[in-house]
Amino acid sequence: MAELHVELVAADRKVWSGEAGLVVARTTSGDIGVMPGHQPLLGVLESGPVNIRTTGESGEGTVVAAVHGGFISFADNKLSLLAEIAELSDEIDVQRAERALERAKADADAAAERRADVRLRAVTGAH
């Protein structure tokens, strides 16, 4: 099976690195799926879940991350997701994210509401 190498990096740390057969991310132009052999691209990431279908030594599976802003770049079967903020779904405290969503709604803070919503969607798999 063809693979592409994926690096998901946040401003403060390397979040995930590995081999994948498909990565789906939200850009300013809409959702995009990147597979091995994709045309080179450079885009701006929107807040949203990123789904990585893994391959390689660890086997097949799915890694989901909540990503908030940044850039996506693909060339030579290497995909870089450079995010302002990124969290793997298994790092997200659901109760904390739910409380943050409620606070943001009460404060009418649209940006905070969007961040909390993306975190919850990454955990639940909702799109």
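Note that the structure is a prediction, hence the values are computed from the model and not measured. (Residues numbered from 1 in each chain as written. Predicted model: local features only at pLDDT ≥ 70, side-chain atom pairs only at ≥ 80, totals over all residues. Heavy atoms only, no water.)

Draft legend 1. Local environment of the overall build of the protein chain. The secondary structure content of the protein chain amounts to two helices and seven strands. Reading the secondary structure of the protein chain in the N-to-C direction produces β-β-β-β-β-β-β-α-α. The globule rule puts the C-alpha radius of gyration for 127 residues at 14 Å, and the 15 Å found for the protein chain is close to it. Seen through its principal axes, the protein chain has C-alpha atoms that stretch 45 × 30 × 25 Å. When burial is assessed residue by residue, the protein chain has 41% of its 127 residues classed as buried. Across the protein chain, every contact between residues at least 6 apart in sequence was considered, and the portion connecting residues at least 24 apart equals 52%. Carbon together with sulfur atoms contributes 49% to the accessible area of the protein chain, which is approximately 6,900 Å² in total. Each charge class in the protein chain was averaged separately, 13 positive and 20 negative side chains, and the resulting centres sit 4 Å apart. (Helix = DSSP H or I, 4+ residues; strand = E, 2+ residues; numbered from the N terminus. Rg over C-alpha atoms; globule rule 2.2 N^0.38 Å. Buried < 20%, exposed > 50% of the residue type's maximum accessible area, 1.4 Å probe, protein only. Contact = heavy atoms within 4.5 Å. Areas by Shrake-Rupley, 256 points an atom, 1.4 Å probe, with all protein chains shown as cover. Lys, Arg positive; Asp, Glu negative; His and termini not counted. Charge placed at Lys NZ, Arg CZ, Asp CG, Glu CD.)

Draft legend 2. Up close: the UniProt feature "coiled-coil region" (unreviewed entry) in the protein chain. The UniProt record annotates "coiled-coil region" (unreviewed entry) at residues 78-121. For residues 78-121, the helix share is 59%, the strand share is 25%, and the end-to-end C-alpha distance is 26 Å. (UniProt positions renumbered as here; feature names shortened; annotations may be inferred.)

Draft legend 3. Region of the structure containing the side chain of Thr 27. With respect to the secondary-structure elements, Thr 27 resides in strand E2 (residues 14-27). Thr 27 sits in the buried class, given a relative accessible area of 10%. Here Gly 30 takes part through its backbone oxygen, which lies 2.7 Å from a polar atom of the side chain of Thr 27. Apart from residues lying up to four places away in sequence, Thr 27 is in contact with Ile 32, Val 44, Leu 45, Glu 46 and Ile 72. (Polar contact = N/O pair within 3.5 Å; in protein donor to acceptor, adjacent residues only side chain to side chain.)

Draft legend 4. Highlighting the nonpolar core. Residues Val 6, Leu 8, Val 23, Ile 52, Val 67, Leu 79 and Leu 81 are the most contacted members of the largest nonpolar core, which totals 24 residues. Aside from chain neighbours lying at most four places away, what touches Ile 52 is Val 6, Trp 16, Ala 20, Leu 22, Val 23, Gly 61, Thr 62 and Val 63. With nine residues, the next largest nonpolar core counts Ala 66, Ile 92, Ala 97 and Leu 101 among its residues. (Core = buried A, V, L, I, M, F, W, Y, C linked by side-chain atoms within 4.5 Å.)

Draft legend 5. Representation of the packing of helix H1 (residues 94-107) against helix H2 (residues 110-124). In the contact formed by H1 and H2, the axes pass within 8 Å of each other and the chain directions differ by 150°. Between H1 and H2, the angle falls in the class roughly antiparallel. The way H1 lies across H2 gives a crossing that is left-handed. Seen from H1, the contacting residues are Val 94, Arg 96, Ala 97, Glu 98, Ala 100, Leu 101, Ala 104 and Lys 105; seen from H2, they are Ala 112, Glu 113, Ala 116, Asp 117, Arg 119, Leu 120 and Val 123. Its residues placed into classes, the contact of H1 with H2 shows nine nonpolar, no polar and six charged. (Axes fitted to C-alpha atoms, helices over the stretch in contact; angles between N-to-C directions. Parallel < 35°, antiparallel > 145°, perpendicular 65-115°, else oblique. Left-handed = near helix turned anticlockwise from the far one by under 90°. Nonpolar A, V, L, I, M, F, W, Y, C, P; charged D, E, K, R; others polar.)

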